[in-house]
Each structure stands twice: as structure tokens, then as C-alpha cells.
Amino acid sequence: MSDLPTVDGSTRLTVLPAATRRIGRGLLVSAKGAAGPIELLGGTAPDFWHEFETGVTPDEVADRVARRTGMARGVARQHALAFAQWMVDGAMAEPTP
């Protein structure tokens, strides 16, 4: 059983310090220092990353991404929840108490 918190739609995240750099439409993220892996985020992932940097919840991210991209809100919510959990599991963000 994992000790990592489970993210729900109302979980507010604090994105931990990370070095980021735009590469075309993608985003390189180094969140764990020089010894950690570098992630290349593509598709809508850079949008999700930047939204979560503003301190919003997955439900708020889903609303913003759905409005901006025309994605169905339910689909945007599934993606926002999965991305938020990925960030928490990867130690790139922490739930804000």
C-alpha cells in the first residue's frame, strides 16, 4: 500500500521548485535536481503543468483547459486528475493542506 496521498478534484497542489524550458510545443521539466530524471512533457501536459503552477485544483484546471481547448469537461477532468496524481507520485507537487 502506498503512503502517497490520493488526489481528488478539490485537492490544491503546490508545485515544487523545478527547472523548466520550452522546447517547441513541449516542456522539459527537471524537478529533482541534477541527479534526477528530466521529463519531456508533450501534448496538453505543458498546459496542465502551467495551470497547476498557479495553485489551482484539478477541477479548476479541467474547467480552464476545457474552455481553452474545446475538450469535453469530463475528459479534461480525467486528464487533470491523472496528471495531478502523476505529479504527486513523482514528487513534483504536494497537496496543500
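About the thresholds
- Residues numbered from 1 in each chain as written.
- Predicted model: local features only at pLDDT ≥ 70, side-chain atom pairs only at ≥ 80, totals over all residues.
- Heavy atoms only, no water.
- Pairing = 2+ DSSP bridges.
- Helix = DSSP H or I, 4+ residues; strand = E, 2+ residues; numbered from the N terminus.
- Axes fitted to C-alpha atoms, helices over the stretch in contact; angles between N-to-C directions.
- Contact = heavy atoms within 4.5 Å.
- Parallel < 35°, antiparallel > 145°, perpendicular 65-115°, else oblique.
- Left-handed = near helix turned anticlockwise from the far one by under 90°.
- Core = buried A, V, L, I, M, F, W, Y, C linked by side-chain atoms within 4.5 Å.
- Buried < 20%, exposed > 50% of the residue type's maximum accessible area, 1.4 Å probe, protein only.

1. Examining the sheet that holds strand E3 (residues 26-30)
The strand order across the open sheet formed by three strands is E2-E3-E4, and the pairing between neighbours is antiparallel. At either margin of the open sheet sits one strand with a lone partner, and together these are strand E2 (19-23) and strand E4 (39-41). The average undirected angle you get between the axes of adjacent strands in this sheet is 25 degrees. In this structure, E3 lies alongside E4, joined through three bridges in antiparallel fashion. Residue pairing in the sheet places Leu27 in a bridge with Leu41 of E4. Seen against the sheet, helix H1 (residues 45-53) touches E2, E3 and E4 and runs at an angle of roughly 55 degrees to E3.

2. Re the packing of helix H2 (residues 58-69) against helix H3 (residues 73-89)
As a packed pair, H2 and H3 sit with axes 8 Å apart at the nearest point and diverge in direction by 135 degrees. The orientation of H2 with respect to H3, classified from their angle, is oblique. Crossing geometry of H2 relative to H3 is assigned as right-handed. For the pair formed by H2 and H3, the contact residues are Pro58, Asp59, Val61, Ala62, Asp63 and Ala66 on the first element and Arg73, Ala76, Arg77, Ala80, Leu81 and Ala84 on the second.

3. Brief notes about the nonpolar core
In terms of nonpolar packing, the biggest core is built from 24 residues, with Leu41, Trp49, Phe52, Val61, Phe83 and Met87 touching the most fellow members. Going through the elements one at a time, strand E1 (13-15), E3, H1, H2 and H3 are the ones with two or more residues in this core. If one sorts the elements of this core by residue count, H3 sits on top with six residues. Leu41 has contacts with Gly26, Leu27, Val29, Pro46, Trp49, Phe83 and Trp86, leaving out every residue within four places of it along the chain.

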